[in-house]
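Descriptive analysis of the structure
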Amino acid sequence: MAVRTPDVSRLLTIDAALQSPAATVKEADVEKLRLIEELTTNVDAVQERVLSEILGRNAGAEYLNTCGLDAGDTGRATFRAKVPVVSYDDLKPYIQRIADGDRSPILSTHPITEFFTSSGTSAGERKLIPVVMDDSGRSHALHSLIAPVLNLYMPELDKGKGLYFLFVKSETKTRGGLTAWPVLTSIFKSERFKKQSNAYTSPTAAILCEDAFQSMYAQMVCGLCQRHDVLRVGATFAAALVRAIRFLQLNWAQLAVDIEAGELNPRVADPSVREAVAGILRPDAERAEFIRAECSKGDWDGIITRVWPNTKYVDTVVTGAMAQYIPTLQHCSGGLPIVSTAYASSECFFGINLRPMCDPSEVSYTIMPNMAYFEFLPLSTGEVPGAVDASRLVDLAGVEVGREYEVLVTTYAGLSRYRVGDVLRVTGFHNAAPQFRFVRRQNVVLSIETDKTDEAELLRAVERASALLRPHGTSVAEFTSRACTERIPGHYVVYWELMTDSGDMVDGETLARCCLEMEEALNPVYRRNRVTDGSIGPLEIRVVRPGTFQELMDLAVSRGTSIGQYKMLRCVTLPSMVELLDSRVVSTHFSPAVPHWTPGS
Ligand code: AMP
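From a predicted model like this one, the values you see are computed outputs, not experimental measurements. (Residues numbered from 1 in each chain as written. Predicted model: local features only at pLDDT ≥ 70, side-chain atom pairs only at ≥ 80, totals over all residues. Heavy atoms only, no water.)

**Quick notes on the environment of Gln550**
Tracing the sequence through the fold places Gln550 in helix α22 (residues 548-558). On the basis of relative accessible area, Gln550 is assigned to the partly exposed category, the value being 46%. Measuring from C-alpha to C-alpha, the distance between Gln550 and Met568 comes to 9.9 Å, with 18 residues separating the pair along the chain. (Helix = DSSP H or I, 4+ residues; strand = E, 2+ residues; numbered from the N terminus. Buried < 20%, exposed > 50% of the residue type's maximum accessible area, 1.4 Å probe, protein only.)

**Things to note about the sheet that holds strand β16 (residues 433-441)**
Reading across the sheet, the eight strands line up as β9-β10-β11-β16-β15-β14-β12-β13 and stay open at both edges, with antiparallel pairing between neighbours. Strands at the two margins of the open sheet, each flanked by one partner only, are β9 (342-344) and β13 (394-395). Where strand β10 (residues 349-352) meets strand β11 (residues 365-367), two bridges bridge the pair, whose relative direction is antiparallel. Across the sheet, the residue bridging to Ile352 is Thr366, located in β11. Lying on the sheet, helix α4 (residues 43-58) is in contact with β12 (373-379), β14 (404-410) and β16; it crosses β12 at an angle near 115°. (Pairing = 2+ DSSP bridges. Contact = heavy atoms within 4.5 Å. Axes fitted to C-alpha atoms, helices over the stretch in contact; angles between N-to-C directions.)

**Observations concerning the nonpolar core**
Ile36, Phe115, Phe350, Ile352, Phe374, Phe376 and Tyr418 are the most contacted members of the largest nonpolar core, which has 93 residues in total. Once you skip the residues sitting within four places of it in the chain, Phe350 turns out to touch Leu142, Tyr343, Ala344, Ser345, Thr366, Ile367, Met368, Met371, Phe374, Val407, Val409 and Val420. Core analysis: the next-biggest nonpolar cluster, separate from the first, contains 79 residues, Leu248, Val273, Ala461 and Ala465 among them. (Core = buried A, V, L, I, M, F, W, Y, C linked by side-chain atoms within 4.5 Å.)

**Here we look at the site of the ligand**
Taken together, 17 residues surround the ligand, and among them Ser118, Ser119, Thr319, Ser346 and Asp422 come closest. Between an oxygen atom of the ligand and a side-chain N or O atom of Ser118, the distance comes to 2.8 Å. Between the ligand and the protein, one listed contact pairs a nitrogen atom with a backbone N or O atom of Ala342 at 2.9 Å. Alone, the ligand offers 490 Å² of accessible surface; in the complex the protein occludes 92% of this. Elements supplying a minimum of two residues to the shell around the ligand: β1 (112-122), β9, β15 (418-430) and β16. Sorting elements by how many residues they give to the shell around the ligand places β9 first, with three residues. (Near = heavy atom within 4 Å. Polar contact = N/O pair within 3.5 Å; in protein donor to acceptor, adjacent residues only side chain to side chain. Areas by Shrake-Rupley, 256 points an atom, 1.4 Å probe, with all protein chains shown as cover.)

**Some remarks on the layout of surface pockets**
Picture a little ball the size of a water molecule; that probe, rolled over the atoms, points out where space is still empty. Estimates place the volume of the second largest pocket at around 500 Å³. If you go around the second largest pocket, you meet 20 residues; those closest to its centre are Thr121, Ser122, Lys127, Asn443 and Asp454. Partitioning the lining of the second largest pocket into residue classes produces five nonpolar, seven polar and eight charged. A domain-level breakdown of the lining of the second largest pocket finds at least three residues from each of domain 1 (1-154 + 167-201 + 312-442) and domain 2 (446-590). (1 Å grid on protein atoms, 1.4 Å probe; cavity = no way out; pocket = protein on both sides within 12 Å on 5 of 7 lines; lining within 4 Å. Points joined across faces, edges and corners; volume = space filled by probe spheres on them. Nonpolar A, V, L, I, M, F, W, Y, C, P; charged D, E, K, R; others polar. Domains from an automatic or database assignment.)

**Details of the domain arrangement of the protein**
Entries for the protein in the domain assignment read domain 1 (1-154 + 167-201 + 312-442) and domain 2 (446-590). Each side of the interface is counted separately: domain 1 has 13 residues, and domain 2 has 16 residues. Per-residue buried area on domain 1 facing domain 2 is highest for Ser119, Lys169 and Tyr325; these three make up 43% of the total on that side. Between Asp533 and Lys169 there is a salt bridge, with the nearest N and O atoms lying 3.0 Å from each other. Along the contact surface separating domain 1 from domain 2 lie six residue pairs in polar contact (both at pLDDT 80 or more). Going through the elements one at a time, β1 and β2 (125-132) are the ones with two or more residues in the side of domain 1 that touches domain 2. At three residues, β1 tops the list of elements feeding residues into the side of domain 1 that touches domain 2. Along the lines of polarity and charge, the residues of the side of domain 1 that touches domain 2 split into four nonpolar, five polar and four charged. (Buried area = accessible area lost by both parts, 1.4 Å probe. Salt bridge = Lys/Arg side-chain N within 4 Å of Asp/Glu carboxyl O.)

**Some remarks on helix α16 (residues 285-295)**
Every buried residue belonging to α16 is among Arg287, Ala288, Ile291, Glu294 and Cys295, and all of these are buried. Axial view of α16: buried residues confined to an arc of 135°, hence all on one face. (Arc of directions from axis to C-beta.)

**With respect to the sheet that holds strand β3 (residues 161-165)**
Either a parallel or an antiparallel arrangement is found when strands of a sheet pair, and the pairing is made through backbone hydrogen bonds. A sheet is described by the order of its strands in space; here four strands give the open sequence β3-β6-β7-β8, paired in parallel fashion. Looking along the sheet, the strands with just one partner apiece sit at the ends: β3 and β8 (338-339). Taken together, the four bridges between strand β6 (residues 230-237) and strand β7 (residues 313-317) define a ladder with parallel strand orientation. Its bridge partner being in β7, Gly234 is matched across the sheet by Asp315.

**Observations concerning the state of the cysteines**
Disulfide: a covalent bond connecting the sulfur atoms of a pair of cysteines. Applying the stated rule across the entire model yields zero disulfides. Unpaired in terms of disulfides, Cys514 finds its nearest cysteine sulfur in Cys515, a separation of 7.0 Å. Summary of cysteine pairing: Cys571 is not part of a disulfide, and the nearest cysteine sulfur, belonging to Cys484, is at 12 Å. (Disulfide = S-S within 2.5 Å.)

**Here we look at the pattern of salt bridges**
Taken as a whole and judged by the stated rule, the model has 34 salt bridges. In this structure, the salt-bridge partner of Glu53 is Arg49, at a minimum N-O distance of 3.0 Å. With Glu53 and Arg49 both in helix α4, this residue pair falls four residues apart, about one helical turn. We classify Glu53 as partly exposed; its relative accessible area is 35%. Residue Arg49 is classed as partly exposed on the basis of its relative accessible area, which comes to 41%.

**Comments concerning empty space enclosed by the protein**
The final tally for this structure, using the stated rule, is two cavities of 30 Å³ or more. Considering only enclosed or pocket space, the largest cavity measures out at about 50 Å³ in volume. Contributing to the lining of the largest cavity are Phe165, Met220, Val233, Leu241, Ala244, Ile245, Leu248, Trp300, Ile303, Ile304 and Trp308. Where the lining of the largest cavity is concerned, the elements lending two or more residues are α14 (238-261) and α17 (303-307). By residue number, the principal contributor to the lining of the largest cavity is α14, which donates four residues.

Written out as structure tokens, the structure reads:
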């Protein structure tokens, strides 16, 4: 499979493009590119304005009043002096009151219209992030900057379609009647998104279908039917795209049957999905034969470009926890550029990638200063963020190249000096705007999809499961874990070294129950992904032989860790450590069922 690299003559800078717009830039894009230039040139002034706007509406609300601000206090100095740095747990009582129906101005004088459910959790519960009416306009404005940047490198994307595997999750109502749903679900259900549906091969009804199999099947069959129109293939996060490729691997034979007959598999039963697919699916024996020929080869090298030959790039986030999927995507895309376009969270939209064609390992995001007010806590490289001395915070315009920071946001919806939990490194500047590499999510040890499991949760889960070993006179002496994505869907692997008083072996059935017990103890986002779309496979315990963790420590010490400071890592990623653990496995056990999950939990 030929490796396609972008035509370097097209690697324009925004600046250069704007200087000769007629030759290179679509007229509609010029205004957007100018806006990027303006925002990134006047970073500090824009931040000052944003803070003043935010305080103008929120200084009169209860929370900032409690901090000592009054309506009309809109200056940076007062804000810095009086408002403390907080985490979600500090704001939870305020958020809970809003969720329960208190309509007084608690965090913001603007009404909270809905909540986004973040994939981060607090004490095992999902986080509810407040949203105000004009938030969607802000994130749409930022989102609309992505295409003009891409068009500089990949012109004529509007001549074809995007095959994007997009999914919604269930929504719930809070006690006070506000909708709580993931930010992406809110976007895909918006009227604005529906208006753009022509740009995608997936009918909106297929994206909005909550049944994961039916949604994926319908999106895949429509993508196959329009395979020559597809100019880009993607998903919001890489995990979903890899899952789609795996889906094709498992279902191509039935998909080909449907395409040959022009009849949709009856397993896709949702009437609105069937109706939408009927408008696209036509009997096409030749196409069906092509799919059979390509997919039965057994070799999935370059499958994306073989099936969708006009694909110019793969559009999906491969930074942060998603970096684990880069090798699979590189293999399946035959070397196409893999583009991570944006960095966003439920709390706010952070920024976009202004060099979209760069290597995945080089991706940096330029934070757009009009999205929220941003502050940064400097960290020594590798330092774990702890308690915060607010006097150490620096502004967006004040960060230094090469340093790592924890990011804090003050949002229009009323989060103030709020720790998002992400650690970023400054890699350079675009004009005066710093560009950030995503380094890690604080504390997260395991992540397959949108799940983010931290060390405390993992520890709790192991403790709960190990109670099942007690009747056998056995306990867990040591444990560590890793996210295993060699198979799709990926799953959590937890390595256990057991200690037994009785000398008895624990039976396999008990250890399988331990797997399920751990899953029951994990956070609701994990359990939802296990239950609703199978995007995480059954948790696995690998029992290793006695002495393995001593060997692991010896290995760490031989690599330079001091014995005195050695702490067992709760997650291993280093290949030599994984190899050592896997070579000492005496038995493996999988969760025999899915854990409990209820919408809204
Ligand atoms: P959520 O709160 O569920 O919306 O998840 C937001 C979090 O996902 C962010 O705070 C990051 O930790 C992570 N995330 C979002 N976009 C990216 C990205 N482009 N690269 C790496 N991590 C990301």
